[in-house]
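# Summary of the model geometry
Next come the chains, spelled out residue by residue.
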Amino acid sequence: IANGPETMSLVDLLRGKYLVYINAGVSTDSGMTYPSFAGDVTIEIALGNGTFSKRGPTISFADTPPVDIVGDGGKWFYAGYFHVTSIDDAACQPDYVNPRDGSIRSLIHEEHALCYSYIAKDTRLVQFEIYRAVNALMVSTEVPNVEYTIDGAGDANARPRGAPYTRQPNTPARAHDPQEMPTVLRFKAAGFWNEVLEFNFFLGEWPTLVQSWMVQYDMKTHVVMRWGDYPEDLDLVIVPLGVVGVDKDVTPVEWSVMRCYDADAESCGAWVQAPTDGAPGGALGSLATDQAYLWYYQKQIKGNGVVFTDDAGNKLLGPTLTIDRDDSGHEPPTSGAGGAWPNGPEAMTLENLLPGAYEVYVTAYDPNDITQRLRTGLSLDIYLGTGMADAPGRPGMIRADSIQLFDTLDGAKWYFVGKFVVTTDEPPANPTQLIKIAKPGRQTYHYSWFGAGAIFAEWQEYLFEVGSIRSAVTNEKLDDAKYILDSGTPSRVKGRVHTVYEGTHILEVRMAGFVTRVIDLSFGGGFEPVCSHDNLDDIDEQTAMASEACMNTHWVQRISIFLVPNDGLTRVVLHWGDKPGDLDTYVVPTRVTSLSGAAVSWKALLNDGVTGEATVWPYVFWGLCDLCDECECTGRALTATANAESTWQLAPLKTTIKLDRDDRSHGLANPSSGVTENGPETTTFRHLLTGRYDVYVNVYWEEDKFAGNVTVEVYLGSGLDSILVDTVPCDLTSGRWFHAGYIVAHTSQAQFLGLADSTTLFGGANGTATRLQYKPDNGYNIKYTWVRLAESLPTHPASIIVGPEDLQPERRRRRLEKEGGGGR
């Protein structure tokens, strides 16, 4: 009977370990997965150094311990490993000789200066057990009646390949043999999403205890994060942005903390304030908008907005964001009964979502270690759920995305996963996944997920995104616009997030038909919200987290860009930051005459763009028609017409000054995109008659504070193109009014000097002036000159403008009603 051996050779080995296994292939053993044995199985080791070989250990899988291959059966057996080390390594034992058979443990390879050893201890039967199947959203709750299959598995003379096993809670686990390398396990249970696990069982201890974490089909929105043995602790963070109610005023949601990492309110952190009026019942505290996020310390937060009112008048309040499971003790899978639950997931639930954006991040918790490494990968499963029962053609819950990351997090602590976006009007463009649901009441909700891909932020890096590019005049999205960051590759707005370092960066934005815009972006102050303890002597972690130095939290930095059309028209554009919520532009025409010097009268332009209507406000501002009780006009355009002298035989020149865009929502995020757009106020000038046009800036609410710079950009048009000629910084900290400057329309230097405050055509005590020739087709030859003043005014210019503080209370109330309150 031949029964020859199976032989392998290992040549020119490098340093490391080489694990040796036996596999019972059973290709001719009755076609069954498990083999039967007749006789012992042995492995003989020979160690060679390129010149000679010597006998190494002999491993016997006989009917004696440690592994009874005949009695136990099985498919995979571990036989030890070759260990290649340096000569001075403790594992190197070239002097050991077994007196029984003359075998050695180690052999020196002189040419390579290495030591070849064979370690035969811990020979094992390689098996695994399905230890538990647990609800990933409910700690320690086992799932009943779980069916699982093992790729390629079957029981000898008992079950066919691929037939499912059943796992019940609190019952002894069954041992299984790995079938493939790696082995794929598939879990299924009623009311849960199917779970697929892939294991390499040849790198651990045996029997390996496998635990499945299954996600319940509860029609809610979830984020479930799984990762390998390292790092010990990763955390999910969810940041709600621009979330608003669906009430008639679209009220911004205020957030409260319902549960903290410990039972008492003190564990929430010092930044959590006492519950405010309107906070949900059971709230432990209230959060400022820029500190409202879900993470380890704030394990459940709730908004006070109304999602919908059903036919019975019941109000469903929300949203509620919850950490269902926080895993902070990752470790390799264990062996033996009663071992630890290996590598559980971190899971979050989002329900009763209101319009807005909900960003998802992963952070490596350890505040003292800025270099985190992943072992065996990171996966994030995204589930979109509407909270409503399924309807034909409308799923109540889908698996929206599965993000796999197998690289290391070298030097990085933050990972931007993507964002949920909820809208009630139109669905957002190009989501990764979208669900549409009609909730009780009047609203149709669109639940969307936008996956960001592998976006990392290092310790000194920032996440930056162009939220949108729009027209500064019409507010329409400019989907074909491109931007270039720091002379890089042109990009379109597609939810792309850039990683940038601290400091100043140049953003150039282009689109055909618009003036190219160049913006200086400055990032600083720190991205990392978890404190290092290097300089905090003897301060406990919770106090450190609550300290002022730890509160400077930055997430994705966004801007929206507004481009001015390059259409030959003249414009002034007012920009400012998150605060105040409402600034206003005033354009006051004075001493405007026809070319022969005749005075003109100003009228508010009706919606037909032709008819003028008398107005009590001889200047352009937000209230031109809003504050006129008897007016038919609804826009904010002022017009004057001067008839041409018959000797000139020219057509009438119709001057129009229009406030195209009045922005009253600074510092508030767009509900559909989650982006704080902070749009400009834009005023357009057409066919200016000779005269002077003063530009003022007003702070509408006296109690407003400032966040960000205030500037007025001046574009002068030639009829063919428009050029940015000046950017005026506005100082409104000492008063509510600012005189940016004025445009003079003139036909001669003498006429300019008669209208301007400066003594020369260019320059002078009051600032600089820029001239641009204006030659429309009708033959007029009028020059436009901009004169910068940049004057802060302690009070409003009462001689020509009625200040908002002097408006009648009823008219002030009318504006508040139109805006929904707050000057926003």
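Below or above, wherever it landed, is the structure these notes cover. Worth saying up front: this structure is predicted, and the values here are computed from it rather than measured. (Residues numbered from 1 in each chain as written. Predicted model: local features only at pLDDT ≥ 70, side-chain atom pairs only at ≥ 80, totals over all residues. Heavy atoms only, no water.)

### Considerations on the overall build of the chain
A tally of helices and strands in the chain yields four helices and 46 strands. Taken across its 824 residues, the chain has 52% of its residues classed as buried. Nonlocal contacts in the chain, meaning residues at least 24 apart in sequence, comprise 69% of its contacts between residues at least 6 apart. Summing over all exposed atoms, the chain offers an accessible surface of approximately 37200 Å²; the carbon and sulfur share of this is 48%. (Helix = DSSP H or I, 4+ residues; strand = E, 2+ residues; numbered from the N terminus. Buried < 20%, exposed > 50% of the residue type's maximum accessible area, 1.4 Å probe, protein only. Contact = heavy atoms within 4.5 Å. Areas by Shrake-Rupley, 256 points an atom, 1.4 Å probe, with all protein chains shown as cover.)

### Comments concerning the state of the cysteines
According to the stated counting rule, one finds one disulfide in the structure shown. A sulfur-sulfur distance of 2.1 Å marks the disulfide that ties Cys 92 to Cys 115. The sign of the 90° torsion about the S-S bond sets the Cys 92-Cys 115 disulfide as right-handed. Highlighted residues: Cys 92 in the loop between β4 (76–86) and β5 (106–109) and Cys 115 in strand β6 (residues 114–119), separated in sequence by 23 residues. Note on Cys 92: relative accessible area 11%, which makes it buried. (Disulfide = S-S within 2.5 Å.)

### Points about the side chain of Lys 299
As for its placement among the helices and strands, Lys 299 is situated in strand β19 (residues 298–309). Among buried charged residues, Lys 299 stands out as having no salt bridge; its nearest opposite-charge side chain is Asp 326, 4.2 Å away. When near neighbours in sequence (up to four residues on either side) are disregarded, Lys 299 contacts Arg 259, Cys 260, Tyr 261, Leu 294, Leu 321, Thr 322, Ile 323 and Asp 326. (Lys, Arg positive; Asp, Glu negative; His and termini not counted. Salt bridge = Lys/Arg side-chain N within 4 Å of Asp/Glu carboxyl O.)

### Observations regarding the packing of aromatic side chains
Evaluation of the coordinates by the stated rule reveals 20 aromatic pairs. Judged by centre distance (4.7 Å) and plane angle (55°), the rings of Phe 420 and Trp 449 are tilted. Taken together, the residues Phe 420 in strand β25 (residues 412–423) and Trp 449 in strand β27 (residues 444–458) connect sequence positions 29 residues apart. Grouping residues by exposure puts Phe 420 and Trp 449 together as buried. Each residue in the set Tyr 586, Tyr 619, Phe 621, Trp 622, Tyr 696 and Trp 737 is aromatic and connected to the rest through ring pairs, giving one cluster. The ring centre of Tyr 96 lies 3.8 Å from the NZ or CZ of Arg 105, which sits over that ring. (Phe/Tyr/Trp six-rings, centres within 6.5 Å; stacked < 30°, edge-to-face > 60°. Lys NZ or Arg CZ within 6 Å of the ring centre and 35° of its normal.)

### Here's the deal with the sheet that holds strand β11 (residues 175–176)
If you walk across this open sheet you meet the three strands as β11-β8-β14, and the pairing is mixed. Across the chains shown, the open sheet's two edge strands, defined by having one partner strand only, are β11 and β14 (208–214). Pairing analysis gives two bridges linking strand β8 (residues 128–135) to β11, with the strands arranged antiparallel. Counterpart to Glu 129 in the pairing with β11 is Ala 175. (Pairing = 2+ DSSP bridges.)

### Remarks on the sheet that holds strand β13 (residues 195–199)
Pairing within the open sheet is antiparallel, and its four strands lie in the order β10-β9-β12-β13. The outermost strands of the open sheet, each flanked by one partner alone, are β10 (165–167) and β13. Going across the sheet, the axis of each strand differs from the next one's by a mean of 25°, ignoring polarity. Two elements, strand β12 (residues 183–188) and β13, share five bridges in a ladder whose sense is antiparallel. Residue Leu 185 lies in a different strand from β13, and its bridge partner there is Leu 197. (Axes fitted to C-alpha atoms, helices over the stretch in contact; angles between N-to-C directions.)

### With respect to the environment of Ser 491
Secondary-structure assignment places Ser 491 in the loop between β29 (482–485) and β30 (497–501). For the pair Ser 491 and Val 509, spaced 18 residues apart in sequence, the C-alpha to C-alpha distance is 9.5 Å.

### Digging into the nonpolar core
Side chains of a nonpolar character, in soluble globular proteins, are inclined to be buried together. Within the largest apolar cluster, 57 residues are counted, with the highest numbers of intra-cluster contacts made by Trp 255, Leu 321, Tyr 358, Leu 380, Val 417, Phe 420 and Trp 449. Looking at this core element by element, the count peaks at six residues for β25. (Core = buried A, V, L, I, M, F, W, Y, C linked by side-chain atoms within 4.5 Å.)

### So, the pairing of β4
Among the eleven residues in β4, eleven count as buried, and that is most of the element. The sheet contact formed by strand β1 (residues 16–23) and β4 spans eight bridges and is antiparallel. Its bridge partner lying in β4, Tyr 18 is registered against Phe 82. Where β4 and strand β7 (residues 124–125) come together, two bridges link them in antiparallel fashion.

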